[in-house]
Amino acid sequence: MAAPGSGTLARRLGTGDAVVIGLGSMIGAGVFAAFGPAARAAGAGLLIGLAIAAVIAYCNAMASARLAVVYPTSGGTYVYGRERLGPWWGFTAGWGFVAGKTASCAAMALTFASYAVPGPWWAQRAVAVAAVLGLTALNYRGVTRTAQLTRVLVALSLTALTIVVLGIATGGHADAANLTEWPGTGGVYGVLQSAGLLFFAFAGYARIATMGEEVRNPRRTIPRAIPIALSAAVAVYAVVGVAALLAAGPGRLAASAAPLTTAVEAAGAGGLAPVVRVGGAVASLGALLALIAGIGRTSLAMARHGDLPGGLAAVHPRFQVPHHAEIALAVVVSVLVATVDLRGVIGFSSFGVLIYYAIANAAAFTLPPEQRRWPRWVTVLGAAGCLTLVATLPWQSVLAGVVMFALGLGGRALVLATRSRRTDHTR
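Everything numeric here is computed off the predicted structure, so don't read it as measured data.

1. Some points on the environment of Tyr356
Inference 1: Summarising the element assignment, Tyr356 is placed in helix H15 (residues 346-365).
Inference 2: Through-space distance from the C-alpha of Tyr356 to that of Ala34 is 20 Å; in sequence the pair is 322 residues apart.

Structure below.
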């Protein structure tokens, strides 16, 4: 049921806007950080992991695109799971997305601050909180402002990455032998673990589907925007990954907290380190901006159905954004940024997002033939791939993810039981 004060969002985004928002999520801080843990897991085999992650992401994208056409509203897989599989499945998807991505918001804010302010920890925390509040204020002004700033941030991020790749190519120290080194966890397991970690980088196309209520002509726009954004992100990650491996090799990447900085220094282009720092800061801002928008819309959908407090379903009468949900998110993320260091949440976030997409594939599997453009085996492959990657994530990430879902599902069961008792008492 809709909460008092709730309403509909304005359809202001075209295909280009949707593609940019998806790219802003995918060409984020992950490209500046994810190659380190992936190299620790698989060595140069991370490139195979990248390909596996891309295939699974493609299956997920096709499922999300078709579902978004049938259900062109805010909420993404929370809505799809609820409508096709039942309320508990929808809640599981929505909870995994909101909880995992809220932690990612804090991680992106802290990553931005670490690139932008190489100073004391308290200064970084203050800058990170300022970034969260500033981007929330921008989102509050309307989705078109969000899309405009995202265009600028994506352009700056791609420019920085282009300079890094060219610097590595011309530095004179790149070595093709680095592509044959396979240290790390080793074998098929290591490659699959790297795929699960790199999947973190591709999860941004969900932002396009979660904003389905703000897209013009969603039946045409969303199925076009999702594969375009995903294909562009895969190409960027492949080029950057090959360049980083050629320059530094998997051993040095695995030992580095800033793998692209290590790569340009190993390539003999250490003068480009400031470019990496600027690129990392800008990309982190872009990812944070898209995350705030996506989580706000999923929270809005969950509040409309009573799975989050009803006040979060409010839509601003002038700017037509879920302002209560975004303000609440800003408060939670600011508290996390000020108190906890969450820059190591790649695996935790991947766990929640992989479960989210497994449910999306299951929901797409139930669509009748006239609403599917692709055969059902695509959704089966997507769901199986998601669950396989979940099982190969680092055990700490799996444990944290299981605890997160247990808390969410247990909390929902408790709320429903309390509501039922109240209803019985009022009869």
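2. Description of the packing of helix H3 (residues 35-42) against helix H11 (residues 218-254)
Inference 1: The contact between H3 and H11 brings their axes to 10 Å, and the two run at 60°. Here H3 is positioned oblique relative to H11, judged by the angle of their axes. Once H3 is placed against H11, the crossing between them reads as right-handed. Two secondary-structure elements touch here, H3 through Phe35, Gly36, Ala39 and Arg40 and H11 through Tyr237, Val240, Gly241, Pro250, Leu253 and Ala254.
Inference 2: Tallied by class, the residues present in the contact of H3 with H11 amount to seven nonpolar, two polar and one charged.

3. What about the nonpolar core?
Inference 1: Counting 136 residues, the largest nonpolar core has Phe202 and Leu288 as its most contacted members.
Inference 2: When residues of this core are assigned to their parent elements, the largest contribution, 16 residues, is made by H11.

4. Brief notes about the environment of Ser350
Inference 1: In this structure, Ser350 sits in helix H15.
Inference 2: What makes Ser350 buried here is its relative accessible area of 1%.
Inference 3: With 150 residues separating them in the primary sequence, Ser350 and Phe200 have C-alpha atoms 5.2 Å apart.
Inference 4: Discounting chain neighbours no more than four positions away, the residues touching Ser350 are Gly196, Leu197, Phe200 and Leu393.

What counts and how
- Residues numbered from 1 in each chain as written.
- Predicted model: local features only at pLDDT ≥ 70, side-chain atom pairs only at ≥ 80, totals over all residues.
- Heavy atoms only, no water.
- Helix = DSSP H or I, 4+ residues; strand = E, 2+ residues; numbered from the N terminus.
- Axes fitted to C-alpha atoms, helices over the stretch in contact; angles between N-to-C directions.
- Parallel < 35°, antiparallel > 145°, perpendicular 65-115°, else oblique.
- Left-handed = near helix turned anticlockwise from the far one by under 90°.
- Contact = heavy atoms within 4.5 Å.
- Nonpolar A, V, L, I, M, F, W, Y, C, P; charged D, E, K, R; others polar.
- Core = buried A, V, L, I, M, F, W, Y, C linked by side-chain atoms within 4.5 Å.
- Buried < 20%, exposed > 50% of the residue type's maximum accessible area, 1.4 Å probe, protein only.

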